[in-house]
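Single-letter residue listing:
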Amino acid sequence: MPAPGSEQQGSEQQALHQQGQKRNNGFFGGLKSGFIELMLNWPKTILVLFLAVVAVLGWQARHFEIDASPDTLLTQGNELYIQTQDVNQRYAPQEFLLLTYEPTAHELFSDATFADLRVITSAVLGMDRVESVRNMLNVPLFANVDNVQDVSGDLEGMTINDGDFQMQQVEEEFDGHPIYTDLLVNREQTATALQILFRTDDRLQALNGRINALNSRSVEQRLSQEEAQELEALVAEREPMVKALEQSRIDEIDQLRTLAAEYANEANIRLGGVHVIAYQLIEIISNDLLIFGAAIAVMICLVLLVLFRSVRWILIPIVCCICSVLPTIGLFALLGMKATVISANFIALQLILTLAIVIHLIVQYRQFAEENNDMTQRDLVRATLDEKIGPCFFAGITTSVGFASLIFSGIQPVISFGWMMIIAMAFSIVVSLVLFPALIDLLPREKVRKDLSVLVALVRGFLALVLKHRVVVVVTSLLIMAVGVSGAMRLSVENSFINYFKQSTQIYQELAYIDQSFGGTTPLDLVYTLPDRSDNADIVMTAESVLSMQRIQNRMNRYDATGRILSPVNMTDLARDVNNDRPLTEYELTALYWMMDESFRDDLIGSFFDEENNEVRFNIWVEDLTDDLNRAELLQSVKNDMAELGVDESDYQLTNLFMLYQDIMQQLADSQITTLAIVYVALTLTFMLIFKSLSVALVAIAPNLLSTAAIFGVMGWVGLPLDLMTITIAAIVMGIAVDDTIHYVHRYLAELKKGGDAEKAVSRSHATVGMAMLYTSLLIGAGFSMLAFSDFVPSVVFGLLTALAMLLALFADLCLLPLLLSRFVKPAAMKQ
């Protein structure tokens, strides 16, 4: 069954391509003609050279790295990041992991639990980088102390390991403990945690300190040439050290998981911490790249087989995709560009971009072959390139413009992703326009099978909507736009690493358990300058300072999302408990401070009190899985409460991961509208340069606006937040929609120039590029639906939104676009 409208096109199209040289005038026409002749005269040589370049770059792909650490999502040069690093260096320089132990075969407070904890602690201490392990057995207990005056300086005999405690005493001591609850024992007293502290690399710490100092100076003023060179050298020196450290972390987590497996019959052992998240992200992203990359490829092969029913039309697209992706990865490896959480799907995206170009070339070739039985294989390749090289090239350029919008986001990992996709797009264009003709020219001509009747009927259905039911198209488009805009108004800006994982995964269950049972997931530091110093130099902290700290901590504890809070207040609460519920005087508090064992004092208080600067640190952990958590509102509540307490903004600062991610989220919200405006203006200008017509450019931008608005609307109505992952979906939608837009507009204008009215031009465009657009949509939609089975929620969302975007783009480009073209782009204006 012939494609719709193809009956009248054979002789017309053959005549058109016999006049190809006449049309190929001007600079671009000369380049196009030269390229076509080069490809047809030297196909074998070009193929060998091209495959050699692919092999060389592809060999480098083995060095490509995935860096899924949450740190890669941070903007490391801004003032907030530098402040956070400074606070961490002063108060909490050691990194740590949590290992929770929930016994299933015996009680928590039992000899069996204590025996397991001793064995586990001993095994963990045997790891190279581990400096110490804090657990319920080696922290001081005050059950045998009558009052604070009985506390000895070295705390000898006050731990479970060294002291003499009854089990009932231990259980009561940990019940509601001011410091240990939610840190070492959960409130329900069903599980305990081991806090694994790692040694600090002094050289790496010194490098970080100097780099932070230089970055801080660069925020205030331009660095001198010597300082800039020093910064570059320090970063270069740090890079291999960081890489080695990251590998050590992976090895350590593997060892801890192996250790946990030995106790599977006795207890549930879970791991938590920022580096555990990074470890799991790398594992899941690696699996997605491998497993779902293969699944997408298999699905694409199946759809190609159904559509074309020919082995060559399966192998050629697959070869083009491989030869596009491999050298791209190799070049990224050479340039030191790594896949992050944000750019994890760049391979899948490049498959889309390459396939879109190749499918248009295949469909055009098949149409020429079906309509011109007397044309040789070389003539068919020449005619295909002559017809499609322009729209394919310009489609690639406009798609790159869409991805270039990410460069203006102001967020470094998003900017890097934008550059990666621009490079990937360049490879897709070159591979498709070089490899496809070289391969097809070397193959014999084969009989073309007819397009599937159901697909032909579907394209004819779209055509009927445009020609006979224009009101339906207009009303449907307006409804889609209204739903999109109203849904976009409901978009929220949130980011939760726990919710990046499906609830059925081990990592989600581990992180969720620690989040809810051990005081939260995301740290927020409030560094507060105490209101006064005592006139007596011997007094460590005045009563007024203690009272102001207690007021602040009480306010912070009011929030539903607040997990555990650690600060000097916890120490004063503990002292009060030990002192028979009587608060300590300034002198008693000072005496207690100085009589403590030095290491214990530094560990317990030094992480939260800076005597030299008269500052205290409130280490607040936010529970990410709190129902209806709005992080922006929580942050504003903290600021409002501090103002109500009479604390000026200059007397405190908020730092750590919670603030860093909120800062990025705010940048997302602030930059999104600006970024979209920039890209649509750029696309409109690009359309004007390509088609040399303002009216055509404005018409061409319309379906892209509709598709983008619709995707944001769907996200808003179903409650998908705008976060570090979904910010890229707008560029992806534009990249998909603009590709088909270019092909359709180019074909429509070509038909108008050949003569005839707008209705005939629409009919002929649907019969040709319409089929290619349908094939592309089916291929990409089917392929990316495979991501719905990923354990990585952003990949699931990406796959489903991409499939939906294909359907929306198909409607916009086969219904709305031709309707607008036939209404506003008149034949007379296009005749030359």
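Everything below is about the structure shown above.
Residues numbered from 1 in each chain as written. Predicted model: local features only at pLDDT ≥ 70, side-chain atom pairs only at ≥ 80, totals over all residues. Heavy atoms only, no water.

Section: the overall build of the protein
Of the regular secondary structure elements, the protein holds 28 helices and 9 strands. The proportion of buried residues among the 832 residues of the protein is 58%. Once local pairs closer than 6 in sequence are excluded, the contacts in the protein between residues at least 24 apart make up 81%. Surface accessibility of the protein: about 34300 Å² in total, with carbon and sulfur atoms responsible for 57%. (Helix = DSSP H or I, 4+ residues; strand = E, 2+ residues; numbered from the N terminus. Buried < 20%, exposed > 50% of the residue type's maximum accessible area, 1.4 Å probe, protein only. Contact = heavy atoms within 4.5 Å. Areas by Shrake-Rupley, 256 points an atom, 1.4 Å probe, with all protein chains shown as cover.)

A look at unusual backbone geometry
Phi is positive for aspartate 182, which is not a glycine, with a value near 75 degrees. In this structure, aspartate 182 sits in the loop between helix 7 (167-174) and strand 3 (192-198). On the basis of relative accessibility, which here comes to 7%, the residue aspartate 182 falls in the buried class. Phi at asparagine 656 is positive, roughly 90 degrees, even though this residue is not glycine. Relative to the assigned elements, asparagine 656 resides in the loop between strand 9 (652-655) and helix 23 (657-691).

Quick word on a negative patch on the surface
A cluster of acidic residues, Glu107, Glu171, Glu172 and Asp175, forms a negative patch on the protein surface. Looking at where glutamate 172 falls in the secondary structure, it is placed in helix 7. On the basis of relative accessible area, glutamate 172 is assigned to the exposed category, the value being 51%. (Patch = residues over 30% accessible without salt bridge, like charges linked within 9 Å, V, L, I, M, F, W, Y side chains within 5 Å. Salt bridge = Lys/Arg side-chain N within 4 Å of Asp/Glu carboxyl O. Lys, Arg positive; Asp, Glu negative; His and termini not counted. Charge placed at Lys NZ, Arg CZ, Asp CG, Glu CD.)

Section: a nonpolar patch on the surface
A cluster of nonpolar side chains, contributed by Val681, Leu685, Met688, Leu694 and Leu698, occupies part of the molecular surface with about 440 Å² of accessible area. Mapped by element, the contributors of at least two residues to the nonpolar patch are helix 23 and helix 24 (694-718). With 3 residues, the top contributor of residues to the nonpolar patch is helix 23. Structurally, leucine 698 is set in helix 24.

With respect to the packing of aromatic side chains
For the structure shown, the criterion picks out 14 aromatic pairs. Here the aromatic rings of phenylalanine 784 and phenylalanine 798 are separated by 5.8 Å at their centres, their planes lie at 75 degrees, and the arrangement is edge-to-face. Linking phenylalanine 784 in helix 26 (residues 758-784) with phenylalanine 798 in helix 27 (residues 793-824), this pair joins segments that are 14 residues apart in sequence. The two residues phenylalanine 784 and phenylalanine 798 agree in class, both being buried. Three or more aromatic residues joined by ring pairs form one cluster here, namely Phe64, Phe332 and Phe346. In this arrangement the basic side chain of arginine 270 is found over the ring face of tyrosine 513, its NZ or CZ atom lying 3.7 Å from the centre. The ring of tryptophan 313 has arginine 312 lying over it, and the distance from NZ or CZ to the ring centre is 6.0 Å. (Phe/Tyr/Trp six-rings, centres within 6.5 Å; stacked < 30°, edge-to-face > 60°. Lys NZ or Arg CZ within 6 Å of the ring centre and 35° of its normal.)

Comments concerning the environment of leucine 816
Inspection of the secondary structure puts leucine 816 in helix 27. Sequence separation of leucine 816 and leucine 706 is 110 residues, and the distance between their C-alpha atoms is 9.3 Å. If sequence neighbours within four positions are ignored, leucine 816 has contacts with Val473, Ser477, Pro703, Leu706 and Phe811.

Side note on the pattern of salt bridges
Opposite charge on two side chains permits pairing when their charged atoms draw close. One pass over the structure, following the stated rule, counts 26 salt bridges. Where salt bridges share partners, they join Glu387, Arg747, Glu751, Lys754 and Arg764 into one cluster.

Some details on the pairing of strand 3
Where burial is concerned, most of strand 3 is hidden: 7 out of the 7 residues are buried. Burial of strand 3 is two-sided: the residues Thr192, Leu194, Ile196 and Phe198 facing one way and the residues Ala193, Gln195 and Leu197 facing the other way are all buried. With 6 bridges joining them, strand 1 (residues 96-103) and strand 3 adopt antiparallel strand pairing. The residue of strand 3 that forms the bridge with leucine 99 is leucine 194. Sheet topology places strand 2 (residues 130-134) next to strand 3; 4 bridges connect them, and they run antiparallel. The residue of strand 3 that forms the bridge with serine 132 is leucine 197. (Pairing = 2+ DSSP bridges.)

Topic: the sheet that holds strand 1
Pairing in this open sheet of 4 strands is antiparallel, and the strands run 2-3-1-4 from one edge to the other. The outermost strands of the open sheet, each flanked by one partner alone, are strand 2 and strand 4 (267-272). Taking each pair of neighbouring strands and ignoring which way they run, the sheet shows an average axis angle of 20 degrees. Lying on the sheet, helix 6 (residues 111-125) is in contact with strand 1, strand 2, strand 3 and strand 4; it crosses strand 2 at an angle near 165 degrees. Helix-sheet contacts for helix 17 (residues 506-517) involve strand 1 and strand 4, and the interaxial angle to strand 4 is about 85 degrees. (Axes fitted to C-alpha atoms, helices over the stretch in contact; angles between N-to-C directions.)

As for the packing of helix 16 (residues 470-488) against helix 24
Contact geometry of helix 16 with helix 24 gives a least axis separation of 6 Å together with a crossing angle of 50 degrees. Put simply, helix 16 runs oblique to helix 24. Considering the relative orientation of helix 16 and helix 24, their crossing is left-handed. Contact residues: helix 16 offers Ser477, Ile480, Met481, Val483, Gly484, Val485, Ser486, Gly487 and Ala488, while helix 24 offers Leu705, Leu706, Ala709, Ala710, Phe712, Gly713, Gly716 and Trp717. Here the residues of the contact of helix 16 with helix 24 sort into 11 nonpolar, 6 polar and no charged. (Parallel < 35°, antiparallel > 145°, perpendicular 65-115°, else oblique. Left-handed = near helix turned anticlockwise from the far one by under 90°. Nonpolar A, V, L, I, M, F, W, Y, C, P; charged D, E, K, R; others polar.)

Focus on helix 10 (residues 274-308)
For helix 10, spanning 35 residues, the distance from its first C-alpha to its last is 49 Å, which sits close to the expected 51 Å at 1.5 Å a residue. Of all the bends in helix 10, the greatest measures close to 25 degrees and is centred on aspartate 288. Phi turns positive one or two residues past the end of helix 10, at arginine 309, with a value near 55 degrees. (Expected span 1.5 Å × (residues − 1). Bend = angle between axes of the 7 residues up to and from the residue.)

Looking at empty space enclosed by the protein
Following the criterion strictly, the structure yields 9 cavities of 30 Å³ or more and no others. Its boundaries defined by the atoms lining it, the second largest cavity holds a volume of some 80 Å³. Every residue along the wall of the second largest cavity is listed here: Asp288, Leu289, Phe292, Gly293, Ile296, Ala344, Asn345, Ile347, Ala348 and Leu787. Broken down by secondary-structure element, the contributors of at least two residues to the lining of the second largest cavity are helix 10 and helix 12 (346-371). Take the lining of the second largest cavity: its biggest share by element is 5 residues, from helix 10. Here the residues of the lining of the second largest cavity sort into 7 nonpolar, 2 polar and 1 charged. (1 Å grid on protein atoms, 1.4 Å probe; cavity = no way out; pocket = protein on both sides within 12 Å on 5 of 7 lines; lining within 4 Å. Points joined across faces, edges and corners; volume = space filled by probe spheres on them.)

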